[in-house]
Amino acid sequence: CLALLISTATLLLCISGCSDRRSSDDVAKELNFQHTAQDREVGITQSMIAYEDNYAYGIHYPSIGIDGIDNIIKNTVNGFADSFISELGSYKAHKDEELAIFTADYKTYLISDSSDHKYVSLVFEKKTSVPKNNIHRDSIRTMFFDLNGEKELQFSEVFKSGAENE
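Owing to the predicted nature of the structure, the values given are computational and were not obtained by experimental measurement.

I'm lost on the sheet that holds strand 2 (residues 55-63) in this one. Help?
Adjacent strands of a sheet pair through backbone hydrogen bonds, lying either parallel or antiparallel. Spatially, six strands are ordered 1-2-3-4-5-6 in an open sheet, and the strand pairing comes out mixed. For this open sheet the edge positions go to strand 1 (44-51) and strand 6 (151-153), each flanked by a neighbour on one side alone. Each strand of the sheet is rotated relative to its neighbour by a mean of 25°, with strand direction disregarded. As judged from the eight bridges shared by strand 1 and strand 2, these two strands associate in the antiparallel manner. The partner of Gln46 across the bridge, within strand 2, is Tyr61. Taken strand by strand, helix 3 (residues 67-88) contacts strand 1, strand 2, strand 3 (100-112), strand 4 (118-130), strand 5 (135-146) and strand 6, and its axis lies near 170° from that of strand 2.

Shown next, in the form of structure tokens:
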């Protein structure tokens, strides 16, 4: 009876202590998602950070201070997170090295034209890593905003036709 008790206790200790996974707090300390600030950055940095059992993401984005533009940016970064989670489907990370990771950081560029209009170019640098599915992808998403008009500009409003040939 004593041998059975010792065997059971040893088995329970091994099961609880021999896992390939660390706590999400331990993983969070190592990932340490940080925004890389630049000189004369437009807006105030906001962050969306999540650590889950099978994935983690860190998304940084600016709050410009204009509600309409800020809502467009917030909806865009929410879309980044939703797309990443959707892409994972039923993905399971059995080890810390298998954790799926998505990061998005940004740069802003303020431009003024001769009529005192102010424009902001917002460039997101996105990185996706899903080790078990062998996905390692970098991409860029660019957005343009007219601060005076308080709206997002489409590429056709920013670039003139044929500009690539000049």
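Having seen the model, we can carry on.
In this structure, what is going on with the pairing of strand 4? I would like to understand it.
Consecutive side chains of a regular strand alternate in pointing toward one face of the sheet and then the other. The pairing of strand 3 with strand 4 spans twelve bridges and is antiparallel. By the bridge assignment, Asp105 is partnered in strand 4 with Glu125.

Help me understand the pairing of strand 5, please; the structure alone is not making it clear to me.
As paired elements, strand 4 and strand 5 share twelve bridges and run antiparallel to each other. Across the sheet, residue Lys126 finds its bridge partner in strand 5, namely Ser139. Hairpin remark: strand 4 followed by strand 5, antiparallel, with four residues in the connecting loop; positive phi at Asn134, about 55°. Where strand 5 hands over to strand 6, the hairpin turn is made up of four residues, of which Glu150 adopts a positive phi near 55°.

What counts and what doesn't
Residues numbered from 1 in each chain as written. Predicted model: local features only at pLDDT ≥ 70, side-chain atom pairs only at ≥ 80, totals over all residues. Heavy atoms only, no water. Pairing = 2+ DSSP bridges. Helix = DSSP H or I, 4+ residues; strand = E, 2+ residues; numbered from the N terminus. Axes fitted to C-alpha atoms, helices over the stretch in contact; angles between N-to-C directions. Contact = heavy atoms within 4.5 Å.

Honestly, it's all geometry; don't read function into it.
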